[in-house]
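Working through the structure, step by step
The chain contents come next:
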Amino acid sequence: MTDQSKGPRLLARPPGPAGTPAPDTRRTGNKRRRRSPAGSPWTPYLFLAPAALYIIVFQLVPLLQEVWLSFTRTTLLNPNNNIWVGLANYQSVLADPGFRQTLLTTLIYVTACVIGAVGLGLLVALLLNGRFPGRAVARSLVTVPWAAPGIAVALIATWMFNPQFGILTRLLRGIGIDPGPNGILDNPRLALAAILVTTIWQLVPFVAVVLLSALQGVPQELVEAAQVDGAGRWMIFRVVTWQVLKPTIGLVAVLMTIWSLRRFELIWLMTRGGPLGSTRTLVIDLYAQAFESKQLGTAAAIGMVGIVISLIVIAGSRFVARAAAKEA
């Protein structure tokens, strides 16, 4: 056996080219290291550039064009002929009694959608959060209305409200409510209610899934402590569960408000804003002014009113959230 050196073995340096000494691969302390491209101060902006470009091209530029159109008299037949009229479009829109009725209808529609969707969505989320046989299947099936395309939902609802063989029409007649010979969707007293039922039915699954996710964050130790103290289900919900759900409910309410303000395809396919303007909301009025009356300037002014309402809703929600946070 040969004796092995007990000291550390020194690895031979790779020989250099002929006639040149082998390179020294040891790092020196005074040698500057190369900066990685990831450490450049411009790196965050490079990652944000695609999203910023998308927002500028597809959102900011159209918004500025809409603001410009709202101050001009522009028709769909000659969109390049823009005549500056200042605030005339806004004055004519706000002075129109039909537009004030449209605002009232929009307010009723949005308020009912938010209250109905959030209330029923919370109830469904609480039910799905419990333990029962087939819970996984129920959680999967509850998302079907939300996953269905809006056009398909509108067509199905139209058949269900059909005056001759619609199942909902027969149900109303069975409980003593006569929708009239033309059906529910042609009845000015019932058409908006039919639109609301269909819209809420489609929105509830989204709210339920979001609130069900928030329910998973409820501390079980607080629930168990409340049960030990003798608190009932309502007291546990009010003191423990509701406090966890409040921020999520506020966010969902804002989303439901904005989505309800923008809802177009369902209302247009079911009633086209009728009968007698009973289901005419802001987006339906905007579409009618732009593509039926062919007044792009007036339509742009209506769109700006809708944007202002959306901004007021967002600002109000932030104010309420901050006030709630200060109280907490």
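To be clear, the structure that these remarks concern was listed above.
Throughout, a residue's number is its position along its own chain's written sequence, starting from 1. At least 70 in pLDDT is required for a residue's local features to be given in this predicted model, at least 80 for side-chain atom pairs to be given and counted, and no such filter applies to totals for whole chains, interfaces and linings, which use all residues. To obtain the side-chain values, all non-hydrogen atoms of the structure were included, while hydrogens and water were left out.

**Points about the overall build of the protein chain**
Our working definition: The numbering of helices and of strands both runs from the N terminus, where a helix is a DSSP run of H or I of at least 4 residues and a strand a run of E of at least 2. Summary of the burial criterion: residues with accessible area below 20% of their type's maximum are buried, those above 50% are exposed, and those between are partly exposed, where the area comes from a 1.4 Å probe applied to protein chains only. Every accessible area reported is derived by Shrake-Rupley at a probe size of 1.4 Å, with residue values counting cover from the shown protein chains alone.
Check the secondary structure of the protein chain and you find 13 helices and two strands. In the protein chain, which comprises 328 residues, the share counted as buried stands at 32%. Carbon and sulfur atoms make up 65% of the accessible area of the protein chain, which amounts to about 22,000 Å² in all.

**Some thoughts on the nonpolar core**
To be explicit about the condition: Buried Ala, Val, Leu, Ile, Met, Phe, Trp, Tyr and Cys residues that are joined via side-chain atoms within 4.5 Å together make up what is termed a nonpolar core. Residue contacts are counted whenever heavy atoms from the two residues lie within 4.5 Å of one another.
With 45 residues, the main nonpolar core has Y109, F161, M256 and M270 as its most contacted residues. Broken down by secondary-structure element, the contributors of at least two residues to this core are helix 3 (97-129), helix 6 (150-160), helix 8 (191-215), helix 9 (220-228), helix 10 (233-262), helix 11 (265-270) and helix 12 (282-292). Counting residues per element, this core draws most heavily on helix 8, which supplies eleven residues. With residues up to four places along the chain from it excluded, the contact list for M256 reads V114, A117, V118, L203, F206 and V207. One finds Y90, V93, F99 and L282 within the second-largest nonpolar core, a separate group that totals eight residues.

**Description of a nonpolar patch on the surface**
Applicable threshold: Like charges are joined within 9 Å and nonpolar side chains (Val, Leu, Ile, Met, Phe, Trp, Tyr) within 5 Å, but only among residues with over 30% relative accessible area and no salt bridge; these make up the patches. Salt bridge, as used here, is a side-chain nitrogen of Lys or Arg placed within 4 Å of a carboxyl oxygen of Asp or Glu.
A surface patch of nonpolar side chains, about 910 Å² in accessible area, is lined by L53, Y54, I55, I56, V57, F58, L60, V61, L63 and L64. With respect to the element layout, F58 can be found in helix 1 (residues 43-70).

**As for unusual backbone geometry**
Along the chain, G274 connects to P275 via a cis peptide bond; the corresponding omega equals -5°. Here P275 is to be found in the loop between helix 11 and helix 12. Despite not being glycine, L276 shows a phi value in the positive range, around 55°. Using a relative accessible area of 82% as the deciding quantity, one classes L276 as exposed. The backbone of K294 sits at a positive phi, close to 60°, despite the residue not being glycine. The residue K294 is located in the loop between helix 12 and helix 13 (296-327) in this model. Classification of K294 by relative accessible area gives partly exposed; the value is 29%.

**Notes on helix 6**
Here is the rule: Each C-beta atom gives one direction from the helix axis, and the arc is the one those directions make.
Within helix 6, the full set of buried residues consists of G150, V153, A154 and A157. One side of helix 6 carries all its buried residues, which in axial view fall inside an arc of 100°. At its buried positions, helix 6 is contacted by helix 5 (144-147), helix 8 and helix 11.

**So, the side chain of T106**
Let me state the cut-off plainly: Identification of polar contacts relies on pairs of N or O atoms within 3.5 Å, with a donor-acceptor requirement for protein atoms, meaning one able to donate a hydrogen and the other able to accept it, and with residues adjacent in sequence counted only if both atoms are side-chain atoms.
With respect to the helices, strands and loops of the structure, T106 is situated in helix 3. Within the structure, T106 has its side chain in polar contact with the backbone oxygen of T102 (distance 2.8 Å). Setting aside its immediate chain neighbours within four residues, T106 contacts L261, T281 and L282.

**Focus: the packing of aromatic side chains**
The condition is simple: Ring geometry is summarised as follows: Phe, Tyr and Trp rings, the Trp one being its six-membered ring, pair when their centres sit within 6.5 Å, and such pairs are stacked at plane angles under 30 degrees, edge-to-face over 60 and tilted between the two.
One pass over the structure, following the stated rule, counts 15 aromatic pairs. When the centroid spacing of 5.5 Å and the interplanar angle of 25° are considered together, the rings of W159 and F165 count as stacked. The exposure class assigned to W159 is exposed, which follows from its relative accessible area of 56%. By way of ring pairs, the aromatic residues W68, F71, W84 and Y90 are connected into one cluster.

**Focus on the pattern of salt bridges**
Under the counting rule described, the total for this entry stands at two salt bridges. Between R263 and E265 there is a salt bridge, and its shortest N-O distance comes to 3.3 Å. Judged by its relative accessible area of 10%, R263 is buried. D285 is the partner of R280 in a salt bridge, and the nearest nitrogen-oxygen pair spans 3.0 Å. Judged by its relative accessible area of 6%, D285 falls in the buried class.

**Examining the packing of helix 3 against helix 8**
As a reminder, the rule being used: Angles run from 0 to 180 degrees between N-to-C directions of axes, and those axes are lines fitted to C-alpha atoms, restricted for helices to the stretch in contact. To sort the angles, those under 35 degrees are grouped as roughly parallel, those over 145 as roughly antiparallel, those from 65 to 115 as roughly perpendicular, and the leftovers as oblique. The crossing is said to be left-handed when, going from far helix to near helix, the turn is anticlockwise and less than a right angle, and right-handed when the turn is clockwise. Each residue is assigned to one of three groups, with Ala, Val, Leu, Ile, Met, Phe, Trp, Tyr, Cys and Pro labelled nonpolar, Asp, Glu, Lys and Arg labelled charged, and all others, Gly among them, labelled polar.
At a minimum axis separation of 6 Å, helix 3 and helix 8 run at an interaxial angle of 40°. Our classification of the angle between helix 3 and helix 8 gives oblique. Relative to helix 8, the crossing made by helix 3 is right-handed. Within the contact of helix 3 with helix 8, the residues separate by chemical class into 23 nonpolar, five polar and no charged.

**Observations concerning helix 10**
Operational definition: The length a helix should cover is 1.5 Å for every residue beyond the first.
For helix 10, built from 30 residues, the straight-helix expectation of 44 Å at 1.5 Å per residue is missed by more than 12%, its first-to-last C-alpha distance being only 37 Å. The set of residues buried in helix 10 consists of I236, F237, V240, T241, L245, I249, V252, V254, M256, T257, S260 and L261.

**Topic: the side chain of S278**
Examined against the element boundaries, S278 turns out to sit in the loop between helix 11 and helix 12. Judged by relative accessible area, S278 falls into the buried class, the value being 15%. From its side chain, S278 meets the backbone oxygen of P275 in a polar contact 2.9 Å long. Among residues more than four places away in sequence, those in contact with S278 are T105, P188, A191, L192 and G273.

These values are about where atoms sit, not about what they do.
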